[in-house]
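Examination of the molecular architecture
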Amino acid sequence: MTDKLIEKARQLGMNPNVCNWFQYFAQETWDRIGYVRTRRGLKIWETTVTQNLMFEFHTSKALYFPAINLSWGVEILEAVNEKTNGNDIELFVEINGTILFFAVQAKIINHQGFKRVGIADGNYLQMNHVVGTHNQIDLLCSYASAKGGLPLYLLYNFVNNSFEEDSLCNIDFEIEQYGCSIVGASHIRDNYLINGIWTIPTFLDLHPDFALPWFVIPCCFKNKSKKEIIEMLAVEGISEGDLTDYSIDEIRSDKDWRPLHPFSEIKEDGPIDKQTGKEEITKEAIEFRPKFRVIVSPRISIEKQFKRP
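Criteria and thresholds
Residues numbered from 1 in each chain as written. Predicted model: local features only at pLDDT ≥ 70, side-chain atom pairs only at ≥ 80, totals over all residues. Heavy atoms only, no water. pLDDT = per-residue confidence, 0-100. Contact = heavy atoms within 4.5 Å. Helix = DSSP H or I, 4+ residues; strand = E, 2+ residues; numbered from the N terminus. Expected span 1.5 Å × (residues − 1). Buried < 20%, exposed > 50% of the residue type's maximum accessible area, 1.4 Å probe, protein only. Arc of directions from axis to C-beta. Pairing = 2+ DSSP bridges. Axes fitted to C-alpha atoms, helices over the stretch in contact; angles between N-to-C directions. Phe/Tyr/Trp six-rings, centres within 6.5 Å; stacked < 30°, edge-to-face > 60°. 1 Å grid on protein atoms, 1.4 Å probe; cavity = no way out; pocket = protein on both sides within 12 Å on 5 of 7 lines; lining within 4 Å. Points joined across faces, edges and corners; volume = space filled by probe spheres on them. Parallel < 35°, antiparallel > 145°, perpendicular 65-115°, else oblique. Left-handed = near helix turned anticlockwise from the far one by under 90°. Nonpolar A, V, L, I, M, F, W, Y, C, P; charged D, E, K, R; others polar. Disulfide = S-S within 2.5 Å.

Description of the confidence of the model for the protein
With 86% of its residues at a pLDDT of at least 70, the protein reaches an overall mean of 86. Contacts of residues 270-286 to residues separated by more than four positions or lying in other chains number 20 contacts, the stretch itself having pLDDT below 50. Per-residue pLDDT stays below 50 along residues 305-309; that stretch engages in 11 contacts with residues further than four places along the chain or on separate chains.

Below, the structure is given as structure tokens:
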């Protein structure tokens, strides 16, 4: 563990709230990717980090129960439909009494081609991903639009670099808090996918000018208006009126989702193409298929979520 990870762990232990947990996990992700990418033969994928995110959340919730505040404020559901993508997340965040929706796709930083300069930068090569004949980013943006939400990339990062200390919502932070960062997918599409041709953005293209440390989700958004959030994410072409107001009840009682409980059951992967060895691309796969639904709201009581084994 690095000194900064130990510091974030202590901060979470002394004051176990969801804002501190987001900062802890960002630091852990930064350190984890750095550990793997600076050693030969080790690999890490965005699905691994996302799965670790879900596991770490449940571990922390169990560890600090019942010492944590009753408004731990986060609940995680999983899709009933087994044909889902482990990188895709539905995120619902309460802001000023209403629930705002985000369609989220996770991407991990790529360091191939950046090692000769000491991985001081990296890029997001997998943004240029096609599902069938569709750009994945178009599926993400279309899904968000259909549900009256905003499309986001959740970026998992590490670079051997540094920024000056910055501050958001009265939280001072350094570059490691970009271990998990968010950026508007429409900003990426408008600026890096021109006439069907990709220019893959790098970490330094997006940070710190456009991407935000993901702790803004629980620590900042709750006190912002829709307009302010749109401005923070540098989203163009979307207004407050385009965003749907959701309620806690409708997103928690949706029959297509169920509470995520570790070790509940074992499921098989999707159908495998015998010739390529890869998962078959079916008609149902040509779409954004979120596996997880994350709800961030101070009105979610941990007592109703928590189940001891």
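Considerations on helix α1 (residues 3-14)
Over its 12 residues, α1 extends 16 Å from the first C-alpha to the last, a length consistent with the 16 Å expected when each residue adds 1.5 Å. Those residues of α1 that sit buried are Leu5, Lys8 and Leu12. For α1, the arc enclosing every buried residue in end-on projection is 60°, short of the 170-degree limit, so these residues lie on one face. Facing away from the buried surface of α1 by more than 90 degrees, the exposed residues are Asp3, Arg10 and Met14.

As for the sheet that holds strand β1 (residues 74-79)
Within a beta sheet, neighbouring strands are joined by backbone hydrogen bonds and run either parallel or antiparallel to one another. Read from one edge of the open sheet, 8 strands run β12-β9-β6-β3-β2-β14-β1-β13, paired in mixed fashion. If you trace the sheet from one side to the other, it starts and ends with β12 (212-213) and β13 (257-259), each paired once. Across 6 bridges, the pairing between strand β2 (residues 85-95) and strand β14 (residues 290-296) is parallel. Paired with Leu91 across the two strands is Val294, which belongs to β14. Helix α2 (residues 18-37) contacts β1, β3 (98-108), β6 (150-156) and β9 (180-184) of the sheet and is inclined by roughly 100° relative to β9. Of the strands in this sheet, β1, β2, β3, β6 and β14 touch helix α3 (residues 46-64), which is tilted by about 45° from β2.

With respect to the packing of aromatic side chains
The description of an aromatic ring pair rests on the distance of the ring centres and on the angle between the ring planes. This model, assessed by the stated rule, comprises 19 aromatic pairs. Centre to centre, the rings of Phe101 and Tyr246 are 6.3 Å apart; their planes meet at 55°, and the pair counts as tilted. Linking Phe101 in strand β3 with Tyr246 in the loop between α8 (226-232) and α9 (248-252), this pair joins segments that are 145 residues apart in sequence. Its relative accessible area of 0% is what places Phe101 among the buried residues.

Remarks on empty space enclosed by the protein
Enumeration according to the criterion identifies 2 cavities of 30 Å³ or more in this entry. In this structure, the largest cavity encloses a volume near 170 Å³. As for the largest cavity, its lining consists of 16 residues, of which Phe22, Leu91, Leu154, Trp214 and Val294 are closest to the centre. Only α2, α3, β1, β2 and β6 provide two or more residues apiece to the lining of the largest cavity. Ranked by residue count, the leading element in the lining of the largest cavity is α3, at 3 residues.

Overview of the pairing of β14
Extensive coverage of β14 is indicated by the burial of 6 of its 7 residues. For β1 and β14, the ladder comprises 5 bridges, and the chain directions are antiparallel. Residue pairing across strands places Ile76 opposite Val294, the latter belonging to β14.

Quick word on the packing of helix α4 (residues 136-146) against helix α5 (residues 185-192)
Relative orientation of the contacting elements α4 and α5 amounts to 140°, with a least axis distance of 10 Å. Between α4 and α5, the crossing angle belongs to the class labelled oblique. Crossing geometry of α4 relative to α5 is assigned as left-handed. Contacts between α4 and α5 pair Ile137, Asp138, Leu140 and Cys141 from the former with Ala185, Ser186, Ile188 and Arg189 from the latter. Of the residues in the contact of α4 with α5, the class split is 5 nonpolar, 1 polar and 2 charged.

Notes on α4
Burial in α4 covers these residues: Gln136, Ile137, Leu139, Leu140, Cys141 and Ala144. Following α4 by one or two positions, Gly148 has its phi on the positive side, about 65°.

Thoughts on the state of the cysteines
Applying the stated criterion to the full structure yields 2 disulfides. The disulfide that involves Cys19 links it to Cys219, with 1.9 Å between the sulfurs. Of note, the bridge from Cys19 to Cys219 carries an S-S torsion of about 115° and is right-handed in sense. Here Cys219 lies in helix α7 (residues 216-219) and Cys19 lies in helix α2, a separation of 200 residues in the sequence. Residue class for Cys19 comes out buried when judged on its relative accessible area of 17%. For Cys219, a relative accessible area of 10% gives the class buried.

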